Amino acid sequence: MSRTTVNRVLLGVAGLGLFVVGVLVLAGGLDLYGRLGVDPPGWWPLTSPDQPVVSVGSRTHWSDQSWWWPAVIGGLVVVVAGAAWWLFAQLRRSGPATVGVPTPGASGLRLRLRSRALEEVLETGAVALPEVDRADVHLVRGPRHPRLRAAVRLTPGGDPAALVEHFETGPRTDARTSLGLAELPADLRVRVVAAKPAAPGRGGRRKHPRVR
């Protein structure tokens, strides 16, 4: 599972949980249960504006137990550690910082290139392809070798099949040859930008959208 997918799942679950809790708090604070005649969930404590979210009985029910505070502290430690891990994962680069470049004519010379420099070269080569409006290329870690992950936007009416062929014989082949790899897997995501309809009173002229 990719980092983007994990982020979306985590944010979706957290957002859904906060939304549900917020709706329940709002319904209790505005006394919507009584006004609308709706029965609140049996496990939800806040059912009227005068009722606290956590009652005195609930606050003191478990605090006298010997396991309560160690469990609370342990839970908070797990939450903080998970949040720190997630933050570190966002800051950490998903691919190698540098890649080795073969030097056939110089024996004993080891040359390393910043991955971002290679990605910029590949993006420039991809944008130069026919009908390409924008390209984002990243070098990520694979099971055995690095792999390319590219997202390309085509101009209105662009041909995705032709783009795949040009990308295979162009940027992907150039990267594989430069890195001296027998194989360089690539994930290519293609999006064709839809043309905007002609504005009335302008003679039917089309204006291509500007994609950023």
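Reference entry: report on the structure contained in this document. Fair warning: this is a prediction, and the values are worked out from it, not measured in the lab.

1. Some remarks on the overall build of the chain
Each helix and strand counted, the chain has 6 helices and 5 strands in total. Overall, the chain shows an N-to-C arrangement of helices and strands of α-α-α-α-β-β-α-β-β-α-β. Within the span of the chain, comprising 212 residues, buried residues form 18% of the whole. Taking the intrachain contacts of the chain between residues at least 6 apart in sequence as the baseline, contacts between residues at least 24 apart amount to 43%. Summed over all atoms, the accessible surface of the chain reaches about 15300 Å², with 61% contributed by carbon and sulfur.

2. Overview of unusual backbone geometry
Despite not being glycine, Asp31 shows a phi value in the positive range, around 60°. One can find Asp31 in the loop between α1 (3-29) and α2 (32-36). On the accessibility criterion, Asp31 (28% relative accessible area) is partly exposed. Non-glycine residue Glu131 carries a positive phi angle of around 65°. Looking at Glu131, the relative accessible area reads 37%, which means it is partly exposed.

3. Some words on helix α5 (residues 115-127)
Between its terminal C-alpha atoms α5 stretches 18 Å, which fits the 18 Å expected from 13 residues at 1.5 Å a residue. Along α5, the residues classified as buried are Ser115, Leu118, Glu119, Leu122, Glu123 and Ala126. Relative to the axis of α5, the buried residues are bounded by an arc of 140° and lie together on one face. Those residues of α5 that are exposed and angled more than 90 degrees off the buried face are Val121 and Thr124. Looking at the buried residues of α5, the elements they touch are β1 (98-101), β2 (111-114), β3 (132-140), β4 (147-154) and α6 (160-179).

Definitions and limits used
- Residues numbered from 1 in each chain as written.
- Predicted model: local features only at pLDDT ≥ 70, side-chain atom pairs only at ≥ 80, totals over all residues.
- Heavy atoms only, no water.
- Helix = DSSP H or I, 4+ residues; strand = E, 2+ residues; numbered from the N terminus.
- Buried < 20%, exposed > 50% of the residue type's maximum accessible area, 1.4 Å probe, protein only.
- Contact = heavy atoms within 4.5 Å.
- Areas by Shrake-Rupley, 256 points an atom, 1.4 Å probe, with all protein chains shown as cover.
- Expected span 1.5 Å × (residues − 1).
- Arc of directions from axis to C-beta.

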